[in-house]
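# Residue-level structure breakdown
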Amino acid sequence: MDTLRLDLLLPRRAFDVELALEVGPETVALVGPSGAGKSSVLRAIAGLERGAGRIACGEDLWLDSAGGIDLPPERRSVGLVFQEYALFPHLTVAQNVAFGGRRDRPDLLERLRIGHLARIRPPELSGGERQRVALARALARSPRVLLLDEPMAALDPHTRARVREELRALLRELGLPALVVTHDFEDAAALAGRVGVLVAGRLLQLASPAELVAKPSDSFVAHFAGGNVLHGTARAGSDGLTEVTLDSGALLFSTDAAEGPVSVVVYPWEVALSREVSADSAVNHVRGPIDSIVSLGNRARVRVGPVTAEVTAASVERLALETGAVVAASFKATGTRLIPARA
């Protein structure tokens, strides 16, 4: 398979998007807040947005602004799945897919399990079915690169998890260089082997989902990966621990070494809840009333002051947790990560 290589500069009203990236036969996700420039990158690769720099697929140059090369979209071997899928509502499923490759593709309909829907029009399809039609249309061109813009955004929560697993399996089966744009870290982690965090046109960090969680480059990456982020000042403490005085005045301990202003990161699944504070000095505690409880199937996210804990539904019942109840949110010093604050 070919490797997609890009080194882009895309002028924007508020900032410039600058991105250098290589994507081999793998799936890479770009995540970040709305307006970070993620979709602009996909559109520039597809030739739908003008920019400067260089884009190559294998030995073929699609864009080389220094050399005066800028191939039109139809000469770039790209399959693009648009946000909200952008299917033609007046065409049948078979006609939508044929439009992508300028010929009928019954093989793709069967491969994506939509052959039985060939004569149906998009308004009659479910969200997952519309996504498969959009994928089939993108693949009808036999592209060398696959681009997906917010592929899960149009799905309801009930459908999302199932369709995400189906898409993950398909991307692995295809083995194409695939670039996925999303604002949801969970979607990115499920679909991609590498995830890049893009903010205001800059790539803050590119790594595996596990590394982004374990070693975030800054507090924004940690927050985007689902972490609780607190702020304080660190100094060397006793017993080899680092002592952190939070901006609120509370005291925490970490096994990470740090001095000066820091961001403190702890993930919800590392936070335990109890009615009483334990005497273990290697465990941090935040005590206060419960602000909110959000049930997520057999799990629940419980907010206590500045910290969110993710616990089992059984724990909520066992501890008789309810809004306003005073509890202790506890997390180990070994799970309390420190990131130097940026100047």
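Throughout what follows, the structure given in this document is the object of discussion.

Conventions used here
- Residues numbered from 1 in each chain as written.
- Predicted model: local features only at pLDDT ≥ 70, side-chain atom pairs only at ≥ 80, totals over all residues.
- Heavy atoms only, no water.
- Pairing = 2+ DSSP bridges.
- Helix = DSSP H or I, 4+ residues; strand = E, 2+ residues; numbered from the N terminus.
- Contact = heavy atoms within 4.5 Å.
- Axes fitted to C-alpha atoms, helices over the stretch in contact; angles between N-to-C directions.
- Parallel < 35°, antiparallel > 145°, perpendicular 65-115°, else oblique.
- Left-handed = near helix turned anticlockwise from the far one by under 90°.
- Nonpolar A, V, L, I, M, F, W, Y, C, P; charged D, E, K, R; others polar.

### A closer look at the sheet that holds strand 5 (residues 60–64)
Across the sheet, five strands lie side by side as 2-1-4-5-6; this open sheet has antiparallel pairing. With one partner strand each, in any of the chains shown, strand 2 (16–23) and strand 6 (69–70) form the two edges of the open sheet. Relative to strand 5, strand 4 (residues 52–57) runs antiparallel, the two being bridged by four bridges. Paired with Cys 57 across the strands is Asp 60, a residue of strand 5. Strands strand 1 (4–11), strand 2, strand 4 and strand 5 of the sheet are contacted by helix 1 (residues 38–46), whose axis makes an angle of about 115 degrees with strand 1.

### Side note on the packing of helix 4 (residues 127–139) against helix 5 (residues 157–174)
Two elements in contact, helix 4 and helix 5, have axes whose closest approach is 10 Å; the angle formed by their N-to-C orientations is 20 degrees. The angle between helix 4 and helix 5 places the two elements in the roughly parallel class. In terms of crossing hand, the pair formed by helix 4 and helix 5 is right-handed. Taking contact as the criterion, the partners of Gly 128, Gln 131, Arg 132, Leu 135 and Leu 139 in helix 4 are, on helix 5, Thr 159, Arg 162, Val 163, Glu 166, Leu 167, Leu 170 and Leu 174. When grouped by side-chain class, the residues that make up the contact of helix 4 with helix 5 number six nonpolar, three polar and three charged.

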